[in-house]
Amino acid sequence: MEFATFILAAQRGYHQSSDSVIRNSIEQVVLSEQAGFDTTWFAEHHFNNYSLIPSPLMMVAHCAGLTDTIRLGTAVCVLPLYQPQRLLSEIGFADIVASGRLELGVGLGYQQFEFERFGVNIDEAPAVFSEYLDILLKGLNQKIFEHDGRYEKIPPTAISVRTVQKPTPPIWIAGGSERMARAYREGHNFFVTAFHNGLETLSTLRDSIEKAAASEGKNVTDAKISLLRCCYASDDEAEIDCYLDNARFQRRLSEALHQRRQQSQDGYLLEETPTQQDLSFKTMRENLPIGSVNRVIDRLLEEMEVLKPDQIAIQTQLGDFDQKTMLRQIELWGDKIIPAVNKSLGPSEAGSLQVRNDLN
């Protein structure tokens, strides 16, 4: 099983400077590599405190110089907000400076507040995404490419800065069943999330994945699946509640933006208000891999059995959760949780039991 950290780079209030949020995020990336994580993913958002990363490729390029082995990914580049011609060169540049460690995640976006400020119609996002991905694939695979589409008309064009990985970096797609089907059709990977829900939602997701694969005549294993998940291991109840509080804060802001509401009094800082999607801390703890180390390991194994993902991406940078505490959490995953999960996924059930005994 691959493990990743997911960096949202959120700012919960003005008590956090943008400088501190970004630098804390970078510190988490460096420690993620030291702890043995396979990948770090960077979000992309604009114009409010939900996430402070305007360009995940810039984060990839910067962190490439601070790391050696961990793969660095975009989760995601919001394609309708880009010029695909320029994005092609930036993808090539990022992969070069990362020595071929770029994982390219792309999506269509969902926040109208962002789209309005770029002058892009969010209702056209699915169609724009589809065409722009076509352009990216042409530019990545062809020395000279051209395109005559609804949204872009590109004469024969060469991209001078090309990726190290051939023919392309691994491509990951975020979105619903239609984009899952495209991933299978074209040989890409994809992201899924169950938000703060439990095994029933994961089972429904698995059904959708199997249907998407079947619709394209593919095996489910032909695409890699990354599950974005809130996970936290601790015996400190206050620490767990603080993590859950920040996870629910992020969900509240995401829900507000998804429903095309801009809850802000000063034009920037979003107001946190309860939503219909809110769950109690008790329910979140029951649904998620949260609790003692053994509880987290057991729950992860349960979830893997249901969804069968190839990667678990844990959310580390949430709200204003204490940085030193989160760094200790990343180390804990490297020291205990990742090795125990991977040993438990091995051929010997006895080995699985021994791992649990060793942790008691």
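These numbers were taken from a predicted model, which means no experiment stands behind them.

1. Some details on the environment of V306
Thought 1: Tracing the chain through its elements places V306 in helix α10 (residues 293-307).
Thought 2: Accessibility expressed as a relative area gives 23% for V306, which makes it partly exposed.
Thought 3: As a C-alpha pair, V306 and L199 span 107 residues in sequence and 7.2 Å in three-dimensional space.
Thought 4: In contact with V306, other than residues within four places in its own chain, are L199, L202, S203 and R206.

2. Description of the sheet that holds strand β2 (residues 39-42)
Thought 1: Read around the barrel, 8 strands follow the order β1-β2-β3-β4-β7-β8-β9-β12 and close on themselves; strand pairing throughout is parallel. The average undirected angle you get between the axes of adjacent strands in this sheet is 25°.
Thought 2: With 4 bridges joining them, strand β9 (residues 225-229) and strand β12 (residues 311-317) adopt parallel strand pairing. Opposite L228, over in β12, you have A313 as the bridge partner.

3. With respect to the state of the cysteines
Thought 1: Overall, the coordinates contain 0 disulfides when judged by the stated rule.
Thought 2: With no disulfide of its own, C77 lies closest to C63 among cysteine sulfurs, the gap being 14 Å.
Thought 3: Just so you know, C231 is unpaired, no disulfide at all, and the nearest cysteine sulfur is the one on C230, 7.3 Å from it.
Thought 4: You can call C231 buried: its relative accessible area is 2%.

4. Description of the confidence of the model for the protein chain
A low pLDDT means the predicted coordinates there should not be read in detail.
Thought 1: Looking at the protein chain as a whole, its pLDDT mean stands at 95, while 96% of the residues score no less than 70.
Thought 2: Across residues 349-360, where pLDDT falls below 50, the model places 14 contacts with residues more than four positions away in sequence or in other chains.

5. Examining the packing of aromatic side chains
Thought 1: Evaluation of the coordinates by the stated rule reveals 10 aromatic pairs.
Thought 2: Members of the aromatic cluster, joined through ring pairs, are W41, W172 and F191.
Thought 3: Against the face of F113 rests R117, its NZ or CZ located 3.5 Å from the ring centre.
Thought 4: The cationic tip of R251 hangs over the ring face of F195; the distance from NZ or CZ to the ring centre is 3.9 Å.

6. Section: the nonpolar core
Thought 1: Ranked by size, the top nonpolar core spans 94 residues in total, and within it L300 and W333 carry the most contacts.
Thought 2: The element best represented in this core is helix α5 (residues 125-141), accounting for 9 residues.
Thought 3: Aside from chain neighbours lying at most four places away, what touches W333 is F3, F37, C231, V296, L300, I314, I338 and P339.
Thought 4: If you look at the next biggest cluster of nonpolar residues, it comprises 16 residues, including A4, V76, W172 and A313.

7. Quick notes on the packing of helix α1 (residues 18-35) against helix α2 (residues 56-64)
Thought 1: Relative to each other, α1 and α2 sit at 55°, their axes nearing to 11 Å. The angle between the axes of α1 and α2 places the two elements in the oblique class. In this structure, α1 meets α2 at a crossing whose hand is right-handed. Contact residues: I22, S25, I26 and V29 in α1; M59, H62 and C63 in α2.

8. Observations concerning the pairing of strand β7 (residues 171-174)
Thought 1: Bridge analysis of strand β4 (residues 102-107) against β7 gives 3 bridges, and the strand direction is parallel. Looking at β7, one finds that G105 is bridged to W172.
Thought 2: Of the strand pairs in this sheet, β7 and strand β8 (residues 189-193) are connected by 3 bridges, and their pairing is parallel. Following the sheet pairing, A174 is matched in β8 by F191.
Thought 3: Of the crossover connections in this fold, the one passing from β7 over helix α6 (residues 177-186) to the parallel β8 is right-handed.

9. Brief notes about the pattern of salt bridges
Thought 1: Throughout the structure, instances matching the rule amount to 22 salt bridges.
Thought 2: With a shortest N-O distance of 3.1 Å, R12 and E272 are connected by a salt bridge. Residue R12 is found in the loop between β1 (2-7) and α1, and its partner E272 is found in the loop between α8 (237-258) and α9 (281-287); the two are separated by 260 residues along the sequence.
Thought 3: Here E272 falls in the partly exposed class, since its relative accessible area comes to 28%.
Thought 4: Across the salt bridge formed by E124 and R150, the nearest N and O atoms sit 3.6 Å from each other. Highlighted residues: E124 in the loop between α4 (112-118) and α5 and R150 in the loop between β5 (144-148) and β6 (153-158), separated in sequence by 26 residues.
Thought 5: Several salt bridges converge on common partners, so that one network encompasses R12, D245, R252, E272, D278 and D320.

Definitions and limits used
- Residues numbered from 1 in each chain as written.
- Predicted model: local features only at pLDDT ≥ 70, side-chain atom pairs only at ≥ 80, totals over all residues.
- Heavy atoms only, no water.
- Helix = DSSP H or I, 4+ residues; strand = E, 2+ residues; numbered from the N terminus.
- Buried < 20%, exposed > 50% of the residue type's maximum accessible area, 1.4 Å probe, protein only.
- Contact = heavy atoms within 4.5 Å.
- Pairing = 2+ DSSP bridges.
- Axes fitted to C-alpha atoms, helices over the stretch in contact; angles between N-to-C directions.
- Disulfide = S-S within 2.5 Å.
- pLDDT = per-residue confidence, 0-100.
- Phe/Tyr/Trp six-rings, centres within 6.5 Å; stacked < 30°, edge-to-face > 60°.
- Lys NZ or Arg CZ within 6 Å of the ring centre and 35° of its normal.
- Core = buried A, V, L, I, M, F, W, Y, C linked by side-chain atoms within 4.5 Å.
- Parallel < 35°, antiparallel > 145°, perpendicular 65-115°, else oblique.
- Left-handed = near helix turned anticlockwise from the far one by under 90°.
- Right-handed = clockwise from strand over helix to strand, strands pointing away.
- Salt bridge = Lys/Arg side-chain N within 4 Å of Asp/Glu carboxyl O.

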